[in-house]
Amino acid sequence: MQTIDNYNFSGKKAIVRVDFNVPLDANFEVTDDTRIVGALPTIKKILNDGGSAILMSHLGRPKEGPEEKYSLKHIIKPLANLLGQDVKFIDDCIGDKVLAAKAALKPGEVLVLENLRFYKAEDKDKEAMPGFAKKLAEGVDVYVNDAFGTAHRSHASTAVIAQFVKDKMAGYLLELEIKFLGDTLENPVKPFVAIVGGAKVSGKLEVLTSLIKKVDTILIGGGMAYTFLKAQGHEIGNSLVEDELLGTAKEILATAKAKGVKFMLPTDNLAADKFDNAADVQLVGVEIPQGRMALDIGPETLKAYAAEIAKAKTVLWNGPMGCFEMPNFAKGTFGVCQAVADSSAISIIGGGDSVAAVNQSGLADKMSHISTGGGASLEYIEGKVLPGIAAVRN
Ligand code: AMP
């Protein structure tokens, strides 16, 4: 398979879909350059080979054409500083002047195109998409996709463009996601423990259905736990519940049993009298008293989950164990975080709120892989083919 490592970019013009969707403050200063830093290895590989890099990205969600606050010109200075060289910018992403800028680009030079989503043909206008993608592909020799966060979308720059460029491949960031999420899910080192939490069963239904075929143990936390506990006949008080999914929850429990998957639910909980950090809290068992809502797993559950995590060789975690945004209900989530950090397992944090929790805990460097794409990582775990990956893998 064509990889970025075995491709020689010498004399080639590479168009790279990067993820420069970075946060900006009121003065248009980049407040978090993680994504720009993440794109550097791929850009440097192209330049070091003697190629030139044409970078394209979206930024924010512009509604009707160009908007100052969404211009990619704001990232030029930080990018130039990080690369230690000049970076050219052009205030459009297709058209004659862009073609001329591409043609004028010399080996070792970098050109950033203007925000792709200033054109509806990038993401919304399906009919115009192929024509727009073809224009993006004009004047380039090779297409590299390095934006995992948008890999679950079939947009002009993330997938459609690939049909107009002969040489195409994943960049280093995308490769890393494929290695950890893809390879681990296809071929996990056992025991494989999945930790699934978050608000609702409905949000993680496909994740659960997919994981149950692959894992040895599933640890459930967060609001979704109480739909399962209710399905088992327990009292859940005012805890979050999806009554319409009680049947589905029972089916999932039955499937786990039939497959010999250890499916663990909280055995103790922090039950609050209201949804508030300052609420009156009781530590209760599996039954939640009427009038109270469970907002975190209790210490006994945490201990049992940590013991499973300690035995694991692979851990995949998606979704918090409780309302961790409120400090009084964060112990379960941060406790799981610590357990994953302490384990010698390959640990993959699968996007979304668990990434936020890991970053807040200061334990991020103890994890094997923290996925950069929220929606994209969920879809990958669900077993879906991501258009952005399929496009560069033929
Ligand atoms: P998700 O986006 O599905 O991963 O859900 C994350 C959200 O679930 C977070 O904002 C948590 O505060 C919320 N959450 C976690 N546990 C509970 C719970 N026991 N009750 C209500 N909401 C919860």
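Thresholds, definitions, all that
- Residues numbered from 1 in each chain as written.
- Predicted model: local features only at pLDDT ≥ 70, side-chain atom pairs only at ≥ 80, totals over all residues.
- Heavy atoms only, no water.
- Axes fitted to C-alpha atoms, helices over the stretch in contact; angles between N-to-C directions.
- Helix = DSSP H or I, 4+ residues; strand = E, 2+ residues; numbered from the N terminus.
- Parallel < 35°, antiparallel > 145°, perpendicular 65-115°, else oblique.
- Contact = heavy atoms within 4.5 Å.
- Nonpolar A, V, L, I, M, F, W, Y, C, P; charged D, E, K, R; others polar.
- Domains from an automatic or database assignment.
- Buried area = accessible area lost by both parts, 1.4 Å probe.
- Salt bridge = Lys/Arg side-chain N within 4 Å of Asp/Glu carboxyl O.
- Polar contact = N/O pair within 3.5 Å; in protein donor to acceptor, adjacent residues only side chain to side chain.
- Near = heavy atom within 4 Å.
- Areas by Shrake-Rupley, 256 points an atom, 1.4 Å probe, with all protein chains shown as cover.
- Buried < 20%, exposed > 50% of the residue type's maximum accessible area, 1.4 Å probe, protein only.
- Phe/Tyr/Trp six-rings, centres within 6.5 Å; stacked < 30°, edge-to-face > 60°.
- Core = buried A, V, L, I, M, F, W, Y, C linked by side-chain atoms within 4.5 Å.
- Pairing = 2+ DSSP bridges.

Undergrad: Even after reading the chapter, I still don't get the packing of helix H11 (residues 331–342) against helix H12 (residues 353–361), so can you show me in this structure?
TA: Packed helices, taken two at a time, are described by the angle their axes make and the gap between the axes. Following both chains from N to C, one finds H11 and H12 inclined at 75 degrees, their axes separated by 10 Å at the closest point. Judged by the angle between their axes, H11 and H12 are roughly perpendicular. On H12, the residues touching Thr333, Phe334 and Cys337 of H11 are Ala357, Val358, Gln360 and Ser361. Grouping the constituent residues of the contact of H11 with H12 by class yields four nonpolar, three polar and no charged.

Undergrad: Can you help me understand the domain arrangement of the protein in this one?
TA: By a widely used convention, the size of an interface equals the accessible area lost when the partners come together. By domain assignment, the protein separates into domain 1 (4–175) and domain 2 (188–381). On a C-alpha basis, the centroid separation for the pair domain 1 and domain 2 is 37 Å. Between domain 1 and domain 2, the contact holds four residues from the first and eight residues from the second. Here domain 1 packs against domain 2, burying approximately 490 Å² in sum over the two surfaces, 68% of which is carbon and sulfur. On the domain 1 side of the interface with domain 2, the three residues burying the most area are Phe148, Gly149 and His152, jointly 86% of the side's total. Run the count over domain 1 and domain 2 and you get zero salt bridges. Run the count over domain 1 and domain 2 and you get zero residue pairs in polar contact (both at pLDDT 80 or more). Along the lines of polarity and charge, the residues of the side of domain 1 that touches domain 2 split into one nonpolar, two polar and one charged.

Undergrad: Just checking my understanding: could you explain the site of the ligand for this structure?
TA: Taken together, the neighbourhood of the ligand is formed by 14 residues, with Ala199, Lys204, Ala294, Glu325 and Asp353 sitting nearest. The backbone of Ala199 places a nitrogen or oxygen atom 2.9 Å from an oxygen atom of the ligand. Between Glu325 and the ligand, the recorded distance is 2.5 Å, taken from a side-chain N or O atom to an oxygen atom. Calculation on the ligand without its partners gives an accessible area of 500 Å², and the protein chains cover 78% of this total.

Undergrad: When you look at the environment of Ala307 in this model, what are you seeing that I'm missing?
TA: Along the polypeptide, Ala307 turns up in helix H10 (residues 299–311). Classification of Ala307 as partly exposed rests on a relative accessible area of 39%. Residues Ala307 and Gly11 lie 296 residues apart in sequence; the distance between their C-alpha atoms is 54 Å.

Undergrad: What's the story with the packing of aromatic side chains in this structure? I'm lost.
TA: Pairs of aromatic rings are described using the distance from one ring centre to the other and the angle between the two planes. Taken as a whole and assessed by the stated rule, the structure comprises five aromatic pairs. Pairing Tyr119 with Phe132 gives two aromatic rings, centres 5.2 Å apart and planes at 35 degrees, and the pair type is tilted. Here Tyr119 is found in the loop between strand S4 (110–113) and helix H4 (120–123), whereas its partner Phe132 is found in helix H5 (residues 129–137), with 13 residues between them in sequence. Seen from their ring centres, Phe324 and Phe334 are 6.4 Å apart, and the 80 degrees between their planes marks the pair as edge-to-face. Taken together, the positions of Phe324 in the loop between strand S13 (314–318) and H11 and Phe334 in helix H11 put the pair ten residues apart, joining distant regions of the chain.

Undergrad: Is there a simple way to think about the side chain of Thr301 in this case?
TA: Mapped onto the secondary structure, Thr301 falls in helix H10. For Thr301, a relative accessible area of 1% gives the class buried. Among the polar contacts made by the side chain of Thr301, one reaches the side chain of Asp268 at a distance of 2.5 Å. The contacts of Thr301, once residues within four sequence positions are left out, are Pro266, Thr267 and Asp268.

Undergrad: I'm lost on the nonpolar core in this one. Help?
TA: What tends to happen in soluble globular proteins is that the nonpolar side chains get buried as a cluster. Judged by nonpolar contacts, the single largest core of 74 residues is most densely connected at Leu211, Ile218, Ile220, Phe228 and Phe263. Shared between two domains, this core holds at least three residues of each, these being domain 1 (4–175) and domain 2 (188–381). Non-local contacts of Ile218, meaning those with residues more than four positions away in its chain, are made with Ala194, Val196, Leu208, Ile212, Val261, Lys262, Phe263 and Met264. Core analysis: the second largest hydrophobic core is formed by 30 residues, Ile4, Phe9, Leu47 and Val144 among them.

Undergrad: Would you mind showing me how to read the sheet that holds strand S1 (residues 13–17) here?
TA: In a beta sheet, neighbouring strands pair by backbone hydrogen bonds and run either parallel or antiparallel. The strand order across the open sheet built from six strands is S3-S4-S2-S1-S5-S6, with neighbouring strands paired in parallel fashion. Single-partner strands in this sheet number two, and they are strand S3 (88–90) and strand S6 (167–170). Direction aside, neighbouring strands of the sheet carry axes that sit 20 degrees apart on average. With four bridges connecting them, S1 and strand S5 (residues 142–145) associate as parallel partners. Residue pairing in the sheet places Arg17 in a bridge with Asn145 of S5.

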